[in-house]
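Residue-level structure breakdown
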Amino acid sequence: MVITQAREECLFSRVSGHVIHRVSEFGPQELTNTAWAFASLGIRTEGLFEALGKECHQKLRHFNMQNLTNVAWAYSHLGIGGV
């Protein structure tokens, strides 16, 4: 069980790193899906939600109501403020 958990943490950390480096390529749907996926699993890796939040702010005018709702839920679910 502990080995599996460590592997999952390593996996999500690596995925998060790739997302952070390519987040500027994401549209509203990709930003929202990423935030929702990590939040629904309760995973908060260093720098991920900061990068997503910055990009969401820059592309906010392109978000539809579902995008806004999902990203708000993700940040609220993890207790992250200041989006």
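No experiment lies behind these values; they were computed from the predicted model shown.

Rules used throughout
Residues numbered from 1 in each chain as written. Predicted model: local features only at pLDDT ≥ 70, side-chain atom pairs only at ≥ 80, totals over all residues. Heavy atoms only, no water. Core = buried A, V, L, I, M, F, W, Y, C linked by side-chain atoms within 4.5 Å. Buried < 20%, exposed > 50% of the residue type's maximum accessible area, 1.4 Å probe, protein only. Helix = DSSP H or I, 4+ residues; strand = E, 2+ residues; numbered from the N terminus. Contact = heavy atoms within 4.5 Å. Expected span 1.5 Å × (residues − 1). Arc of directions from axis to C-beta. Polar contact = N/O pair within 3.5 Å; in protein donor to acceptor, adjacent residues only side chain to side chain. Axes fitted to C-alpha atoms, helices over the stretch in contact; angles between N-to-C directions. Parallel < 35°, antiparallel > 145°, perpendicular 65-115°, else oblique. Left-handed = near helix turned anticlockwise from the far one by under 90°. Nonpolar A, V, L, I, M, F, W, Y, C, P; charged D, E, K, R; others polar. Salt bridge = Lys/Arg side-chain N within 4 Å of Asp/Glu carboxyl O.

Our focus in this paragraph is the nonpolar core. L31, F49 and L52 are the most contacted members of the largest nonpolar core, which totals 19 residues. Put simply, the parts of the chain that give this core at least two residues each are helix 2 (28–40), helix 3 (48–58) and helix 4 (65–77). With five residues, helix 3 is the single largest residue contributor to this core. Not counting the four nearest positions on each side in its chain, L52 is found in contact with V19, V23, L31, T34, A35 and Y75.

Now for helix 4. With 13 residues, helix 4 extends 18 Å between its outermost C-alpha atoms, agreeing within 8% with the 18 Å of an ideal straight helix rising 1.5 Å per residue. The complete set of buried residues in helix 4 reads N67, V71, A74 and Y75. Across the axial projection of helix 4, the buried residues extend over an arc of 90°, all falling on one side. For helix 4, the exposed residues set more than 90 degrees away from the buried face come down to M65 and S76. In this fold, the buried residues of helix 4 make contact with helix 2 and helix 3. At the N-terminal boundary of helix 4, the capping side chain belongs to N64, with an oxygen 3.0 Å from the backbone nitrogen of Q66. After helix 4 finishes, the residue G79 shows a positive phi value of roughly 70°.

Okay, the packing of helix 2 against helix 4 next. Running from N to C, helix 2 and helix 4 point in directions that differ by 30°, and their axes come no closer than 8 Å. For the element pair helix 2 / helix 4, the angle class is roughly parallel. Crossing geometry of helix 2 relative to helix 4 is assigned as left-handed. Across the interface between the two elements, P28, Q29, T32, A35, W36, A39 and S40 of helix 2 pack against N67, N70, V71, W73, A74 and H77 of helix 4. Tallied by class, residues from the contact of helix 2 with helix 4 come to seven nonpolar, six polar and no charged.

So, on to the pattern of salt bridges. Counting across every chain of the model gives two salt bridges. For R22, the salt bridge identified is with E25, shortest N-O distance 2.8 Å. Under the relative-accessibility criterion, E25 is labelled exposed at 53%. The partner of E55 in a salt bridge is K59, with the nearest N and O atoms 2.9 Å apart.

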